[in-house]
Amino acid sequence: DIQMTQSPSTLSAFVGDRVTITCRASQSVSTSLAWYQQKPGKAPKVLIYKASNLESGVPSRFSGSGSGTEFTLAISSLQPDDFATYYCQQYTTYPVTFGGGTSVEIK
Amino acid sequence: EVRLVESGGGLVQPGGSLRLSCAASGFTFSDHYMDWVRQAPGKGLEWVGRIRVKRNGYTTEYGASVEGRFTISRDDSLNSLTLQMSDLETEDTAVYFCARVRMQLWQLDYWGPGTLVTVSS
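Keep in mind it's a predicted model, so treat the numbers as computed, not measured.

Scoring rules and cut-offs
- Residues numbered from 1 in each chain as written.
- Chains lettered and ligands numbered in written order.
- Predicted model: local features only at pLDDT ≥ 70, side-chain atom pairs only at ≥ 80, totals over all residues.
- Heavy atoms only, no water.
- Disulfide = S-S within 2.5 Å.
- Helix = DSSP H or I, 4+ residues; strand = E, 2+ residues; numbered from the N terminus.
- Pairing = 2+ DSSP bridges.
- Axes fitted to C-alpha atoms, helices over the stretch in contact; angles between N-to-C directions.
- Polar contact = N/O pair within 3.5 Å; in protein donor to acceptor, adjacent residues only side chain to side chain.
- Contact = heavy atoms within 4.5 Å.
- Core = buried A, V, L, I, M, F, W, Y, C linked by side-chain atoms within 4.5 Å.
- Buried < 20%, exposed > 50% of the residue type's maximum accessible area, 1.4 Å probe, protein only.

A few points about the state of the cysteines
Residue and element names in this part refer to chain A. A full pass over the atoms with the stated rule returns 2 disulfides over all chains. Sulfur-sulfur distance for the disulfide between C23 and C88 comes to 2.1 Å. Taking the torsion about the sulfur-sulfur bond, which here is approximately 70 degrees, the covalent link between C23 and C88 counts as right-handed. Linking C23 in strand β3 (residues 19–25) with C88 in strand β9 (residues 85–90), this pair joins segments that are 65 residues apart in sequence.

Below, the structure written as structure tokens:
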């Protein structure tokens, strides 16, 4: 199975900060990677697919980059609505696997 | 509007069985692969499995922790997805989400709100 490792596991930031979250795969997933945002008690919501493509309706302050084994989700200017947990997911091979999550908290 | 709604969760004893359903509306259900994803209390997301569409033989894939115990099926005439769970363990306690797979791009683009399964004696 491909293991997905996210860092950091928790991130504290101010509104307006630029934040980045890293996701590393145990083997290459090419660009078969998505990012999801989840708020407490809610279902996840897809933000980025194919490593760098913004899902329709997602604010442009979110961006994704990377290929192979290293990926980054960036939020250019953190907004109050962005405090949530973020997950990466690889879908290049079965089983599909998720990273452990990064909780973005208010500083 | 795409809508997915899970049902069937509840309390079950270890070793028992439970059947979850996911009712889909607002899109052509038969055109999409469908996934189940779960989340144990306070933990991250875990992929449970996938069912493909008719032209791919309704074939399925499962995560290692559920293979042989869980079965995914679908009824395209009813726009319904099912997760049959058997030989349940306390570690299967989780919120179970159904999710639609975006065809050709493969992200999970719509999710239901989830249904809680508690395995406990």
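Brief notes about unusual backbone geometry
Residue and element names in this part refer to chain A. Look at the link from S7 to P8: it is a cis peptide, with omega at -10 degrees. Relative to the assigned elements, P8 resides in the loop between β1 (4–7) and β2 (10–13). The linkage connecting Y94 with the following residue, P95, adopts the cis geometry, with an omega of -5 degrees. Relative to the assigned elements, P95 resides in the loop between β9 and β10 (97–98). Even without glycine at this site, A51 takes up a positive phi of about 70 degrees.

Description of the sheet that holds strand β1 (residues 3–7) of chain B
As a general point, the strands of a sheet are linked pairwise by backbone hydrogen bonds and lie either parallel or antiparallel. All names here are of chain B. A sheet is described by the order of its strands in space; here 4 strands give the open sequence β1-β3-β8-β7, paired in antiparallel fashion. In the strand order of this sheet, the two ends are held by β1 and β7 (70–75), each with one partner. The sheet shows a mean angle of 15 degrees between the axes of neighbouring strands, direction not considered. Pairing of β7 with strand β8 (residues 80–85) involves 6 bridges; the strand directions are antiparallel. Its bridge partner lying in β8, D75 is registered against S80.

Notes on the side chain of R50 of chain B
Within the secondary structure layout, R50 of chain B lies in strand β5 (residues 45–51). A distance of 3.1 Å separates polar atoms of two side chains, one belonging to R50 of chain B and the other to Y94 of chain A. The contact partners of R50 of chain B, leaving out residues within four places of it in the chain, are Y94 and V96 of chain A together with Y33, M34, D35, T59, T60, E61, I72, V101, W106 and L108 of chain B.

Focus: the nonpolar core
Counting 26 residues, the largest nonpolar core has L20, W36, F70, L81, L83, M85 and Y96 of chain B as its most contacted members. When contributions to this core are tallied by element, the ones reaching two or more residues are β3 (18–25), β4 (34–39), β5, β7, β8, β9 (94–101) and β11 (115–119) of chain B. It is β3 of chain B that provides the largest number of residues to this core, a total of 4 residues. Not counting residues within four places of it along the chain, the set of residues in contact with M85 of chain B comprises G16, S17, L18, L20, R69, F70, Y96 and V117 of chain B. The next biggest cluster of nonpolar side chains, apart from the first, holds 25 residues, and it includes A13, I21, A84 and V104 of chain A.

Function-wise, these values are silent; they only describe arrangement.
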